Each structure stands twice: as C-alpha cells, then as structure tokens.
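A closer look at the structure
If you want the building blocks of each chain, they are given just below.
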Amino acid sequence: MVKYTIEYDDIEGVTHSITIDDPSFSGSNTFVNGRAFMSYSTTDDVLEPIRGAGLKIEMDADQEMDFSDLYNELERTFKVIYTRDSVIEFQGFLNSEGYFESFVEDRWVVSFDVVDGLGFLKDLAFVDSNGLPFLGKMTQKDVLTNALARCGITKTINDSINIRYVGLSNFENTLENVYVLSDRYKKDDEEQTIMSCEEVIKDILDSYTAVLISKGTEWRIVRPNFLETFAPSVTLGSEINGFYPHHCNANQTISFKGSLGAY
C-alpha cells in the first residue's frame, strides 16, 4: 500500500512523482514535499557486467511528520517507484540508514538512498522461490530471469546480444535458445555450495562480453563493443557564447565518464 507520495514539476514543466510503499500500512496516501535525484553507476571498466542505478530522495520533515516510520532494520521493506512525465524511470528499495531527526530545528530535510536491488544478489543463492536448487536444463534467459527475480524487483529482460550459434536464425533470440545445466552452478568446494545469483549472472554475461543495466521497467542486456553511434541533433555549449540549450549552473564544464554508466 502506498504510504507517501512526492509530486512536483521541474523548471521545464515535467512532472516527477515518487511513491513509497509500506506492505504493513493500511490507510490513506499522504502527499509530502520532496524531490528526487537519479544516477547511474560509473566504472573504469567498460565490460563491468552488472551496472546498477540509484535514487536519492529528500523530504521536508517537521515535528509532526519526521518519517521515523520509514526506519526498518530489514532490507527490501519499503518499495519506491519514481516516474518522470508518467514514465517509470526507477524501481527500488528504500535504505533506512539515511534517517535522522533534528533536536535543534523544527523543520529539516530527511535524505534517503534508494537501491535497485542488484547489490543484494551477491548474498542470495541461486535457488527457486521455495529455497530449493534448480535441476535439469534451463535456457540462459530463464536462468537470468530467476536470478534477477531474487532481488525483489519484477522487470522484463530486454536483450541485444547479436551473437548466434551456427544454424540459429537472425530472427531468434540467443538467450532463449542456448541451454545450460542448472546443476553446474555450484562452487568447487567440499560442500558444493550453490553459487550466488550475482555469480550466475556474471557467468552468462561474461561469455558474451555483455553487460546488464537497470533501466525503468527493464533489465537491459547489451554488448558495449557493438553499441551504435549516437549523434545528437543539438549542439550544447556555454551560455556565455550564446548557445541554447546550454550547460546549466555556474560550473559549465565537460567531462568524460564510462559510457555504459551514462547509457
């Protein structure tokens, strides 16, 4: 059940909306003042196989509404959905560690980080919803679907591998036609420990030099070495040179970061 909603328009008139869901809550949705800042992970390694996204939420708190109810020691309790112009841009879980209460001011700003769930996968074994190991043959698409499902966020997989074995039609999906033995996802130790979901995902992605990106309602899988070149139709520059649109704020600089992080 949605407990809190933040809604505001930016300077361009685009509507942003953030909902915070509390599974134990029953009552009316409360609209609060706040704002959100979204970011994608960056890395020096363009082939880093898993790329997450993050969201930072700031909310105006006071003595009557301090948001202490959003503190919970259990992870993945409060689900957050962020939409921009009615399009879902981010889904994740609130990290309660950002909570604090001021004993000096009667009004203050509470800040929370929201994670997309991919960081949990390294601590979650590759098992089914009943906690039992998978057996037999599975397509690589099914392996990825079941591994990603353990993070608690439901998304569709949108992949562009463009690698096919001999005989596979160009119109068929590679991940849906390559099979693996699910029994093989065990560590080489005496206990035959089941591999984590993160290890399983990386095992598949590494074989294609592909990366997984969290984007809106999708898990996107692409090969960075085969991304198409994008040429923007608008040239950006500095306001002092009469460019429009131009870089915002006083520090009008250009820098280069990992392309997949921006993607």
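Structure first, text after, so check above.
Residues numbered from 1 in each chain as written. Predicted model: local features only at pLDDT ≥ 70, side-chain atom pairs only at ≥ 80, totals over all residues. Heavy atoms only, no water.

**Description of the packing of helix H1 (residues 140-149) against helix H2 (residues 197-207)**
Inclusion rule: Angles run from 0 to 180 degrees between N-to-C directions of axes, and those axes are lines fitted to C-alpha atoms, restricted for helices to the stretch in contact. Per the convention used, a helix needs a DSSP run of H or I reaching at least four residues, while a strand needs a run of E reaching at least two, with both numbered from the N terminus. For this classification, under 35 degrees means roughly parallel, over 145 means roughly antiparallel, 65 to 115 means roughly perpendicular, and everything else is oblique. Helix crossings fall into two classes, left-handed where the near helix is turned counterclockwise from the far one by less than a right angle and right-handed where it is turned clockwise. Any two residues whose heavy atoms approach within 4.5 Å are treated as being in contact. Under this grouping Gly is polar, as are all residues other than the nonpolar Ala, Val, Leu, Ile, Met, Phe, Trp, Tyr, Cys and Pro and the charged Asp, Glu, Lys and Arg.
Relative to each other, H1 and H2 sit at 150 degrees, their axes nearing to 9 Å. In terms of orientation, H1 and H2 fall into the roughly antiparallel class. Of the two elements, H1 crosses H2, and the hand of that crossing is left-handed. Only Cys197, Val200, Ile201 and Ile204 of H2 make contact with H1, whose side of the interface consists of Gln140, Val143, Leu144, Ala147 and Leu148. When grouped by side-chain class, the residues that make up the contact of H1 with H2 number eight nonpolar, one polar and no charged.

**Some details on the packing of aromatic side chains**
To be explicit about the condition: Classification of ring pairs uses Phe, Tyr and Trp, with its six-membered ring standing for Trp, and accepts pairs whose centres are within 6.5 Å; under 30 degrees between planes counts as stacked, over 60 as edge-to-face, and the remaining range as tilted. For every residue, the accessible area (1.4 Å probe, protein chains only) is compared with the maximum for its type, and the residue is labelled buried under 20%, exposed over 50%, or partly exposed between those bounds.
Considering all chains together, one arrives at four aromatic pairs under this definition. Judged by centre distance (5.2 Å) and plane angle (75 degrees), the rings of Tyr4 and Phe67 are edge-to-face. Here Tyr4 is found in strand S1 (residues 2-9), whereas its partner Phe67 is found in the loop between strand S6 (53-62) and strand S7 (79-84), with 63 residues between them in sequence. One exposure class covers both Tyr4 and Phe67, and it is buried. Between Phe93 and Phe120 the ring centres are 6.5 Å apart and the planes differ by 55 degrees, which places this aromatic pair in the tilted class.

**Considering the sheet that holds S6**
Test applied: We treat two strands as partners when DSSP finds at least two bridges between them.
Reading across from one edge, S3-S1-S2-S7-S8-S9-S6-S4 is the order of the eight strands in this open sheet, with mixed pairing throughout. Looking along the sheet, the strands with just one partner apiece sit at the ends: strand S3 (30-32) and strand S4 (34-40). The sheet shows a mean angle of 30 degrees between the axes of neighbouring strands, taken without regard to direction. In this sheet, strand S2 (residues 15-21) lies alongside S1 in antiparallel orientation, the contact comprising seven bridges. If you follow Tyr8 over to S2, its bridge partner there is His16.

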